[in-house]
Structure formats: structure tokens, C-alpha cells
Amino acid sequence: MQEFLTNGYAATSMDRVAATAGVSKATVYSHFTDKPSLFSALIQQLAEDKFRATSFDPRDERTMKGNPREVLTQLAREVIDEATCGQQFCEFMRLIIGESGRFPELSKPYIENVAKPLVDGLTRYLASCSELNLSDPEASARTFMGTLIYFVMLQRVLGGAALMPMEGDRIITTVVDLIAPAD
């Protein structure tokens, strides 16, 4: 991962990866058939780490239970906190966004392993919360996650915190109120 973050996708070679890892190029190729498969494996590992670090794992129905306001608040707080503390995650997002124009295949593993499972899991959860009376749980899930991701992208990935400062709690309260209004 460090090679990709330091040099970008295009300038990272399997030779450099092998040298940095202190192994032979043959060893790298015995685990990964090519650079795209290595990059995809890194994104899968990033997804695993992210889901392990949060109480809401979209692949595990047991984590999608409870009061909607509490679940959504906890999920939002974890997304924002993880992005605030995870400098490597922000750098990796910069890499994917910056290089996906020339290498569109870079975004596919992120979408498949992070974005889609999260939106699908949140959609299932919101659909199970009949008390919310949501007409479109998927659109609501995308709105919720989109708001959080935009906040993280603007504040952390693009460095907008100095020009457009806003406390994460304000975003969390507002987006939770939109999806699960207080009684």
C-alpha cells in the first residue's frame, strides 16, 4: 500500500512492491497475478479493516439492530471518526479518485468491497425499520452515506476544513434527523 500511496498507481511497479516488501518478484507474483489484482486485494483488506473497526458491519445482520436514531448516529460517528483518524484511508481515497480517470478499473474494487456492501446493508436495515415510513430505503441509504462521504471528502481528503470548517456532530445530527426524525 505504501508504494501506491507514495508513487501513485501508474508509477508503482511490481518490482518496487517486491523490493519494499523484501521479497522476490516471483513471490509477489505467486500471490497476485498482476498489479490490478494486488490493488484489488489492498482495497479488500481496507474494507475488512474498516468493517472490523465499526459496530456496523453491512455483511452481518446482527449489527443492524436497534433504535434507528441510535444506529444511524453510531454509524455516522464511526464513519467520520475513522476518516478523521485514518490518514492512510484519506490518502488511499485521494489515490483512487486521482487515478480513476486514467485507470477506471481502480474504482471497481472500492465500489464492490466498500461502497456497495455498506449501501446494501444500510438499505436492508432502513427497510426493516417500518416506523420510519421511508418511501425509498435505498435512496435514503445513499443520501445518508453520500452526506457523510461528501463531508469527509471536503474536510479531510480535499483539505477544506480550514476554508469551510464544520463540526462533524452538526452533520451527524442533521443527516440522522432527515432519515429518522426525533419524536
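Description of the structure in this document. (Residues numbered from 1 in each chain as written. Predicted model: local features only at pLDDT ≥ 70, side-chain atom pairs only at ≥ 80, totals over all residues. Heavy atoms only, no water.)

## Describing the packing of aromatic side chains
Any two aromatic rings considered together are summarised by their centre-to-centre distance and by the angle between their planes.
1) Next: The full count for this structure, using the stated rule, is 4 aromatic pairs.
2) Next: On the numbers, 5.7 Å between centres and 10 degrees between planes, the contact of Phe4 with Tyr9 is stacked. Tyr9 matches Phe4 in its accessibility class, with the two residues each being buried.
3) Next: One aromatic cluster is present, built from ring pairs that chain together Phe4, Tyr9, Phe39 and Phe103. (Phe/Tyr/Trp six-rings, centres within 6.5 Å; stacked < 30°, edge-to-face > 60°. Buried < 20%, exposed > 50% of the residue type's maximum accessible area, 1.4 Å probe, protein only.)

## Section: the nonpolar core
1) Next: Judged by nonpolar contacts, the single largest core of 27 residues is most densely connected at Leu72, Leu122, Tyr125, Leu126, Phe144, Met145 and Leu148.
2) Next: Residue assignment for this core shows that the elements contributing at least two residues are helix 5 (68-85), helix 7 (107-128), helix 8 (137-157) and helix 9 (168-179).
3) Next: For this core, the element with the most residues is helix 5, which contributes 7 residues.
4) Next: Residues contacting Tyr125, with those up to four places away along its chain left out, are Met64, Lys65, Gly66, Asn67, Pro68 and Val71.
5) Next: Counting residues in each nonpolar core, the second largest holds 23 residues, with Val17, Leu38, Leu106 and Val114 among its members. (Core = buried A, V, L, I, M, F, W, Y, C linked by side-chain atoms within 4.5 Å. Helix = DSSP H or I, 4+ residues; strand = E, 2+ residues; numbered from the N terminus. Contact = heavy atoms within 4.5 Å.)

## A short note on unusual backbone geometry
Most peptide bonds take the trans configuration, and most residues that are not glycine carry a negative phi.
1) Next: A positive phi angle, close to 50 degrees, is found at Asn133, a residue other than glycine.
2) Next: Tracing the backbone shows Asn133 in the loop between helix 7 and helix 8.

## Focus on the environment of Thr73
1) Next: Structurally, Thr73 can be placed in helix 5.
2) Next: A relative accessible area of 22% means that Thr73 is categorised as partly exposed.
3) Next: Distance from Thr73 to Tyr150, taken between C-alpha atoms, is 17 Å for residues 77 residues apart in sequence.
4) Next: Setting aside residues no more than four positions away along its own chain, Thr73 makes contact with Ile172 and Val176.

## Thoughts on the pattern of salt bridges
1) Next: This structure, assessed with the given rule, holds 8 salt bridges.
2) Next: Arg16 is the salt-bridge partner of Glu3, the closest N and O atoms lying 3.6 Å from each other. Taken as a pair, Glu3 in helix 1 (residues 2-11) and Arg16 in helix 2 (residues 14-21) lie far apart in primary sequence, 13 residues in all.
3) Next: Taking the relative accessible area as the measure of exposure, Arg16 reaches 39% and is therefore partly exposed.
4) Next: Its salt-bridge partner being Lys25, residue Asp15 comes within 3.1 Å of it at the nearest N-O pair. Within this pair, whereas Asp15 is found in helix 2, its partner Lys25 is found in helix 3 (residues 25-31), the two being separated by 10 residues in sequence.
5) Next: The partly exposed category is assigned to Asp15, whose relative accessible area is 43%.
6) Next: When its relative accessible area of 37% is taken as the criterion, Lys25 is described as partly exposed. (Salt bridge = Lys/Arg side-chain N within 4 Å of Asp/Glu carboxyl O.)

## Notes on the packing of helix 6 (residues 87-99) against helix 8
1) Next: Helix 8 packs onto helix 6 with a crossing angle of 100 degrees between their chain directions and a minimal axis gap of 11 Å. As the angle between them shows, helix 6 and helix 8 are arranged roughly perpendicular. On the side of helix 6, the interface is formed by Gln87, Cys90, Met93, Arg94 and Ile97, while helix 8 contributes Met153, Arg156 and Val157.
2) Next: Considering only residue class, the contact of helix 6 with helix 8 consists of 5 nonpolar, 1 polar and 2 charged. (Axes fitted to C-alpha atoms, helices over the stretch in contact; angles between N-to-C directions. Parallel < 35°, antiparallel > 145°, perpendicular 65-115°, else oblique. Nonpolar A, V, L, I, M, F, W, Y, C, P; charged D, E, K, R; others polar.)

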